[in-house]
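# Residue-level structural notes
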Amino acid sequence: MTLTQRWQERGWALLQLLLVASVSVFSIEDPRCRLRGDPEIPLLSKDEDIMIGGIISFHLRWKNRQDTYMDKPLPLQCISLNLRAFQYAQVILFAIEEINNSTELLPGISLGYKIYDACASIARGVRVALALANSNEVVFAPSEAPCIRPAQVQAIMGESFSSSCMAISTVIGPFNIPLISHFATCACLSDKTKYPSFLRTIPSDYHQSRALAQLVKYFGWTWVGAIRTNDDYGNNGMATFTETAQQLGICLEYSVSVFRADPPDKIQKIIDIIKASTSKVIVTFISPTELYVLMHEFFLHNLTGYQWVGTEAWIFDSETAARDRHHILDGAIGLSIPKAHVSGMREFILDVTPLNSSSNELFTEFWETCFSCKFKQSKSSAENQTECTGHEDVTGVQNSFTDMSLMPIFYNIYKGVYAVAHALHNILSCNKTCNNKVQLDPFTILQHIKKIRFTTKGGDEVYFNENGDPAAKYEIINWQPAENGIVDFVAVGLYDASLPADKQLNLLNKSLFWAQNSPQVPLSVCSEKCPAGTRKVLQKGKPVCCYDCLRCAEGETSNITDSITCVRCDPEFWSNERRDACVKKETEFLSYEEIMGALLTAASLFGTCMTAVVAFIFFRYRQTPVVRANNSELSFLLLFSLTLCFLCSLTFIGRPSQWSCMLRHTAFGITFVLCISCVLGKTIVVLMAFRATLPGSDVMKYFGPAQQKLSVLGFTLIQVIICILWLTISPPFPFKNFKKFKNKIILECALGSAVGFWAVLGYIGLLAMLCFILAFLARKLPDNFNEAKFITFSMLIFCAVWITFIPAYVSSPGKFSVAVEIFAILASSYGLLICIFVPKCYIILLKPEKNTKKNMMGKGAQK
């Protein structure tokens, strides 16, 4: 069972008991209404026209005792005087005195006060709240009349602790008595269904928790520890912080709770958790009392170097700084209420005259604590203590009473009292005078307080939203070393929840000090940031802040730190070496500028020139028997087709375009068919010539020059028709190939129709095979007249080249496939040129004696 559940269970039982006691009749016959049990006496009081209540913890602890419930329990014995509480009380008195002396606010009306000590006890806080609501006076009423009376105070100022305010507001809420707190920040108190009469002049922890999360995120701390007070303030505040931190990508390595009364073994467990942690930042939602315990333990275990992030509870508290003698909290940063100044308040607080006139016992205890002395008549006086005279100068000592670092909190109390006064001013219709005949009731006052909007003399506007909360504004405080060895609370930034989300947190351009007064911002992460070019991969079984950084795959990039994904580059781009940007892919095609392209171009042009030389020789010696044999016209047509074959290879070099893609394959197909048709015609001529020499043979009349030309034309026309169909149905086109290489774009010509391409090659192959077979059959004819063996050898080379071309073409990457095709064209063209024409040129130029008709007919060999 949690602490909250325990006090709720016991608080309800106590509440029922107190409510019954407060309205019960002492006896059936006794017509008097009075409180059962011992009455509660205010520590400070002054009766005036309208009363305001106050609940302040003048003591921080009480003596534990074991009640047997056999006898009436003794009153709670409070100990550990809280000098801060006297400052709070003085501020209430200061505000009331200012209002009473004012001629503009509540003229002719005096405010009085009754201030009780809650002793930092929830139960006692509820009890004194009921005392403020009912008073201790005996009220006579007829037995048949209900025992009711108006509340003795119109509003209650206090308490400082959220848990106490929750209990008190639960009790007085049904009576609609306003409870205005100056220091209770729990976001749960904004729930008006549970706490309808609660208001406050300090912002809700809902905003502070979110501001702390944004502050932690601002400095890049994603791996932090969390410590909270085990009460409503700490638990609710840390819950909101945790929720916001998760939204901002901040992870909590641990989250522990501590309470001032925790046993030593639990404190040791907390220390062990912190020792085992790797985070260097501790976010706190903790009260000063619990912080003192932790500071002591940190010193005992030599735990240093932690960056503390605090709330308004302690971040600007000079007493906390004074107790940090071992510099555990050096460089702390956190949120505080904005600084405030009210003229005359400091002087009034230090004037203890009202305290001396109110309660001799309270004044004595205060004086002895403030000056560390004892009055002579004091029962607890010790021999080693200075004797109090009662005339000591308060301004001459330095302690929590004379320290004014909590002036923003004092200002909150001041605004709360003025809020009640302005509400009363409106209800009583005050102008120069007030209407005293108006019957005041807490509900009306509560409604008017919720609607008030006024400006203090310091220029600050005061109002409450629908949840009874003020506007949320904080200063960002950094603990910095001062020359005298104490801590200087330096405002280094602002947080304003009323601004847009991206402008709420504003750090000023000031140098900051961090843990151990280091000028370097501490690093507190589970994993280092993943640089650009990598992505985060969560570590199994660990929070989202713990991850590994994996390099992006090829073709993927990330250009921000801590990227959770890598983005694939567009098809025309590729990742650079660092994987942090996409760069345009290199485009690859066979160009004239590169060495391979230049060599192939040179080979093509050389073949063209060589063919031209052969054609010139043949033309020069066109009347000789070698040239005239086997149809010289076919020879010249073959030389022309070979020239086109050499030149068509040039269409495969350069950037592919729509026209070049269509031209390269069709030109290659048609010129090669023309070339093979001419060779086929020459082969048929050889066979027919020898067949015609047989007796009675007249075959040559069926394959004369005209038929030879028509056969070449017919064979070529078939290829032309194939090419026209290919270009018409699905022509080749330029294509960017992204698949063959990851980091390159291959510019190539897509076939369009694979059937058309292989039909062109297949037809060339068919003619080549037919030519080879016929030449092979004519290989044994007389050598002098026969060129069939040269044709056979040239066709053998042609077929070998194109058979090996197919696997080489398919397996060659990128531009090399184009180079393979060009090489096949040139190789087969050179094969035809060399095998068929070089032997004839050899005879024409070097063996002219063999270039005779007699030698061609084989007669020279018979001699």
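This section reports on the structure supplied with the text. A quick note: this is a predicted structure, and the numbers were derived from the prediction, not measured. (Residues numbered from 1 in each chain as written. Predicted model: local features only at pLDDT ≥ 70, side-chain atom pairs only at ≥ 80, totals over all residues. Heavy atoms only, no water.)

## Focus: helix 8 (residues 288-300)
For helix 8, with 13 residues, the first-to-last C-alpha span of 19 Å sits near the 18 Å given by 1.5 Å per residue. When helix 8 is considered as a whole, its buried residues turn out to be E290, L291, Y292, L294, M295, E297 and F298. Tucked inside the fold, the buried residues of helix 8 contact strand 11 (223-229), strand 12 (251-258), helix 7 (264-276), strand 13 (281-285), strand 14 (307-310) and helix 9 (318-323). Two residues or fewer after helix 8 comes N302, characterised by a positive phi angle close to 55°. (Helix = DSSP H or I, 4+ residues; strand = E, 2+ residues; numbered from the N terminus. Expected span 1.5 Å × (residues − 1). Buried < 20%, exposed > 50% of the residue type's maximum accessible area, 1.4 Å probe, protein only. Contact = heavy atoms within 4.5 Å.)

## Section: the sheet that holds strand 29 (residues 586-588)
Within the open sheet, the 3 strands sit side by side as 29-31-30. Their pairing is mixed. A strand with exactly one partner marks an edge of an open sheet, and here the two such strands are strand 29 and strand 30 (733-737). Averaged over all adjacent pairs, the angle separating strand axes in this sheet is 30°, with direction ignored. Relative to strand 31 (residues 744-750), strand 30 is paired through 5 bridges, and the arrangement is antiparallel. Looking across to strand 31, one finds that K736 is bridged to L747. (Pairing = 2+ DSSP bridges. Axes fitted to C-alpha atoms, helices over the stretch in contact; angles between N-to-C directions.)

## With respect to the state of the cysteines
Simply put, the disulfide is a covalent bond whose two ends are the sulfur atoms of two cysteines. One pass over the full model with this rule turns up 10 disulfides. A disulfide bridge connects C526 with C546, and the sulfur atoms are separated by 1.9 Å. With the S-S dihedral at roughly 105°, the linkage between C526 and C546 falls on the right-handed side. With C526 in the loop between strand 22 (505-507) and strand 23 (534-538) and C546 in the loop between strand 23 and strand 24 (547-551), this pair connects stretches of sequence that are 20 residues apart. The exposure class assigned to C526 is partly exposed, which follows from its relative accessible area of 26%. (Disulfide = S-S within 2.5 Å.)

## Thoughts on the pairing of strand 15 (residues 333-336)
Because side chains alternate across strand 15, one face comprises the buried residues I333 and L335, and the other comprises G334 and S336, equally buried. The sheet contact formed by strand 14 and strand 15 spans 2 bridges and is parallel. The residue bridging V309 from the neighbouring strand is I333, located in strand 15. This β-α-β element, strand 14 to helix 9 to strand 15, shows right-handed connectivity. Of the pairings in the sheet, the one linking strand 15 to strand 20 (residues 473-481) comprises 4 bridges and is antiparallel in character. Of the residues in strand 20, the one forming a bridge with L335 is I476. (Right-handed = clockwise from strand over helix to strand, strands pointing away.)

## Regarding the pattern of salt bridges
For the structure shown, the criterion picks out 21 salt bridges. K339 serves as the salt-bridge partner of E475, at 3.4 Å between the closest nitrogen and oxygen. You can see E475 sitting in strand 20 and its partner K339 sitting in the loop between strand 15 and helix 10 (345-350), a full 136 residues away along the chain. Each of the salt bridges in this network shares a partner with another, and the network as a whole consists of E40, R124 and R127. (Salt bridge = Lys/Arg side-chain N within 4 Å of Asp/Glu carboxyl O.)

## Here's the deal with the side chain of S660
Within the secondary structure layout, S660 lies in helix 18 (residues 658-692). You can call S660 buried: its relative accessible area is 17%. Within the structure, S660 has its side chain in polar contact with the backbone nitrogen of S657 (distance 2.8 Å). In contact with S660, not counting residues within four places along its chain, are T651 and R655. (Polar contact = N/O pair within 3.5 Å; in protein donor to acceptor, adjacent residues only side chain to side chain.)

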